[in-house]
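A structural walkthrough
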Amino acid sequence: MEELDDLRRQRLEKLTGIRELDIQPYAYRFDRTHTAADCGALHDPEQEGQKKVRLAGRLMAIRRMGKASFGHLMDPSGRIQIYVKSDLVGNESYNLFKLLDIGDVIGVEGGIYKTRTGELTVFADSIVLLAKTLRPLPIVKEKMEGDEKVVFDAFADKELRYRQRYVDLIVNPDVRQTFILRSRIVSAMRAYLEGRGCLEVETPVLQTQYGGAFARPFMTHHNALDMPLYLRIADELYLKRLIVGGFDGVFEIAKDFRNEGMDRDHNPEFTMMELYVAYQDYHFMMDLVEDMIRILCESVLGKTEITYQGSAIDFSKPWKRIGFFDAIRNETGKTVSGLDVEELQKTAEELGLPVELDASRGAVLDALFSRFVEPQLIQPTFILDYPIELSPLAKKHRDKPGVVERFEGYIAGREICNAFSELNDPIDQRRRLEEQAALRAGGDEEAMTIDEDYIRALEYGMPPTAGLGIGVDRLVMLLTDSPSIRDVLLFPHMRPET
RNA sequence: GAGGGUGUAGCUCAGCUGGUAGAGCAACGGCCUUUUAAGCCGUGGGUCCUGGGUUCGAGUCCCAGCACCCUCACCA
């Protein structure tokens, strides 16, 4: 901050100078007629300068040459050169222009020309200041080499970019593009689900009892009732109550909160889409995921083949479908489906995967899968039929013992969705949650608790239901070729500035 | 949580086995009414992340801490 003082002081002096010109440096309104991108089509070589436009945006480059100057104006559509000539704008405006800095928000009115070097340019008839900047913007320069845009001195410090996303968005257009795509992806998802007759709902973020996933929650306190509250870790149990209530299809796109570590794939708050459809099972849901993601790609990206971090990924074909135990056998050569805990632990050791002595059957299976199978799942793949220990809210498989009707979708080695035929037998549900409660009593902080009201709801009868959760951030990462979840969150979680 | 990396001007970065802190852009001043990554000439600008230590002397070496990045672990 101290180092900035000199640059700030200079700008404050300019601000005073502008006020002395009797100009309000923070305007109230400016009505635009066009954007920078519109100007190309408006330019008429037969009638140079006849087309007039009013543009607003940030001044991103200034080249002053006495009584005439060039600059670049940037608005959300792009950049365009402006030419400010003393004769044209008058002395007063030109004096104002001399007090402007890179980053200032201005409005320009003028005719569209092409200069003799062929660059589209607005010759300013007038120029108004809309907002004076007091801090210097990182100066990013660019040059076209053929079709390639070469960028010089890009604003690259990741920490600053995340902490001051407003600056990042100003100077890095691809960041802006990522978040435009994110918005379109979510809109397309919403449109798809509504198109299939599902109802978008909102359920509580603040909960007296959390559930629906394995995770530690954030806690808070409600003063009026003087009681602890938890921020939700999943929407699941509330949404299924709505299926009990008679809605045939409900979905929610919202933040969940998990009190866990942060890395490339995890942020403490993240966006989840959860969907529940009555009278359907997980086979229905697999078809829906395949269809929905293909349609999202088509409508948002205009193609079904994408590249993620160098891997070509094809959404035009049906996803691979492999059983959980088959996938482990394929990758390790070991058949583990019938093994008990000790045998499993021995197998893991043989495969060079160290496991803790007290690791449960489910934990070892999960570890084997994460280590040997998950990284191999580059093309869209559904892994089906998970061990029952890992899925207390999923329905037992109709044929296979010991597993539930559950699938997870993997793309580029990363889990993208999770779904099951929902458990609607209240007695079985109670038994499974009691097992969770026992694990919890044994010290597993992420095990679930018994939600009596949820079981009561099931006792009123929930139709057979297919449920799905999609990690929206991860889907956006995939479709925008972003390597880190932080690149698809406008304001990723950071430690406080010191 | 473990290991590795980074931290120097507003931005992007140099800075050798320790010897008075550098460049480009930006800023400031001057000249310039069609320039373009940046017109030409000149000037200013630093808590070298923080705190200790070693040394005659530390941006540089040592210790501790902080932040960010990467890998792994944990984690849907």
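Residues numbered from 1 in each chain as written. Chains lettered and ligands numbered in written order. Predicted model: local features only at pLDDT ≥ 70, side-chain atom pairs only at ≥ 80, totals over all residues. Heavy atoms only, no water.

Summing up its helical and strand segments, chain A has 15 helices and 20 strands in all. Viewed in the frame of its principal axes, chain A has a C-alpha envelope of about 85 × 55 × 50 Å. Within the span of chain A, comprising 498 residues, buried residues form 48% of the whole. Sequence-distant contacts, at least 24 apart, represent 64% of the contacts inside chain A between residues at least 6 apart. (Helix = DSSP H or I, 4+ residues; strand = E, 2+ residues; numbered from the N terminus. Buried < 20%, exposed > 50% of the residue type's maximum accessible area, 1.4 Å probe, protein only. Contact = heavy atoms within 4.5 Å.)

Following both chains from N to C, one finds helix H8 (residues 236-244) and helix H14 (residues 452-459) inclined at 25°, their axes separated by 9 Å at the closest point. As judged from the angle between their axes, H8 and H14 are roughly parallel. Here H8 and H14 pass one another in a crossing that is left-handed. In contact with Leu-237, Lys-240, Arg-241 and Val-244 of H8, H14 contributes Asp-453, Tyr-454 and Ala-457. In terms of residue class, the contact of H8 with H14 is made up of 4 nonpolar, no polar and 3 charged. (Axes fitted to C-alpha atoms, helices over the stretch in contact; angles between N-to-C directions. Parallel < 35°, antiparallel > 145°, perpendicular 65-115°, else oblique. Left-handed = near helix turned anticlockwise from the far one by under 90°. Nonpolar A, V, L, I, M, F, W, Y, C, P; charged D, E, K, R; others polar.)

What follows concerns the sheet that holds strand S9 (residues 206-207). Strands sit in the order S9-S11-S10 across an open sheet of 3 strands; the sheet is antiparallel. The open sheet has two edge strands with one neighbour each: S9 and strand S10 (219-222). Two strands pair when backbone bridges link them, and S10 and strand S11 (residues 227-231) are joined in this way by 4 bridges, in the antiparallel orientation. Bridge assignment links Thr-220 to a residue of S11, and that residue is Leu-229. (Pairing = 2+ DSSP bridges.)

Here we take up unusual backbone geometry. Unlike most non-glycine residues, Asp-153 shows phi in positive territory, near 50°. Of note, Asp-153 is situated in the loop between strand S7 (148-152) and helix H5 (158-163). The exposed category is assigned to Asp-153, whose relative accessible area is 67%.

This part covers the protein's contact with RNA strand B. Looking at RNA strand B, there are 56 residues lining it, with Gln-10, Arg-116, Thr-117, Phe-214 and Glu-408 nearest. Of all RNA strand B atoms lying within 4 Å of any protein atom, the proportion belonging to sugar or phosphate reaches 63%. Contacts to RNA strand B include Tyr-410, whose side-chain N or O atom sits 2.9 Å from a base nitrogen. Those elements giving two or more residues to the surface near RNA strand B turn out to be helix H1 (5-20), strand S1 (52-65), strand S2 (68-75), strand S3 (78-85), strand S6 (141-145), H5, strand S18 (403-411) and strand S19 (414-421). Looking at which element gives the most residues to the surface near RNA strand B, the answer is H5, with 5 residues. Here the surface near RNA strand B is composed, by residue class, of 20 nonpolar, 9 polar and 27 charged. (Near = heavy atom within 4 Å. Polar contact = N/O pair within 3.5 Å; in protein donor to acceptor, adjacent residues only side chain to side chain.)

All right, on to the pattern of salt bridges then. Tallied over the entire structure, the rule returns 44 salt bridges. The shortest N-O distance in the salt bridge between Asp-473 and Arg-182 comes to 2.9 Å. Within this pair, whereas Asp-473 is found in helix H15 (residues 472-479), its partner Arg-182 is found in helix H7 (residues 173-195), the two being separated by 291 residues in sequence. Exposure remark for Asp-473: the relative accessible area of 2% places this residue in the buried category. Salt-bridge contacts for Glu-452 lead to Arg-430; the nearest nitrogen and oxygen are separated by 3.0 Å. With Glu-452 in helix H14 and Arg-430 in helix H13 (residues 426-441), this residue pair connects regions lying 22 residues apart in the sequence. The structure contains a network of salt bridges with shared partners spanning Arg-11, Lys-14, Asp-101, Asp-104 and Lys-132. (Salt bridge = Lys/Arg side-chain N within 4 Å of Asp/Glu carboxyl O.)

This next bit is on the sheet that holds strand S4 (residues 105-114). Taken together, 5 strands build a closed barrel; the order of strands is S1-S2-S3-S5-S4 and the barrel is mixed. The sheet shows a mean angle of 55° between the axes of neighbouring strands, direction not considered. Across 8 bridges, the pairing between S2 and S3 is antiparallel. The partner of Ala-68 across the bridge, within S3, is Lys-85.

A few words now on the domain arrangement of chain A. Domain parsing of chain A yields domain 1 (2-137) and domain 2 (175-319 + 379-488). Taking only C-alpha atoms into account, the centre of domain 1 sits 49 Å from that of domain 2. (Domains from an automatic or database assignment.)

With that settled, consider the packing of aromatic side chains. Here the structure, examined in full by the defined rule, presents 14 aromatic pairs. Judged by centre distance (4.4 Å) and plane angle (15°), the ring pair of Trp-319 and Phe-382 falls under stacked. Taken together, the residues span a long stretch of sequence, with Trp-319 in the loop between strand S15 (311-314) and strand S16 (320-323) and Phe-382 in strand S17 (residues 381-387) at a distance of 63 residues. In this structure, Trp-319 and Phe-382 share a single accessibility class: buried. By the ring-pair criterion, three or more aromatic residues cluster together here, those being Tyr-282, Phe-315, Trp-319, Phe-382 and Phe-407. Seen from the ring of Phe-30, Arg-54 lies directly overhead, with NZ or CZ sitting 4.3 Å from the centre. Above the plane of the ring of Tyr-238 lies Arg-241, whose end atom (NZ or CZ) is 4.7 Å from the centre. (Phe/Tyr/Trp six-rings, centres within 6.5 Å; stacked < 30°, edge-to-face > 60°. Lys NZ or Arg CZ within 6 Å of the ring centre and 35° of its normal.)

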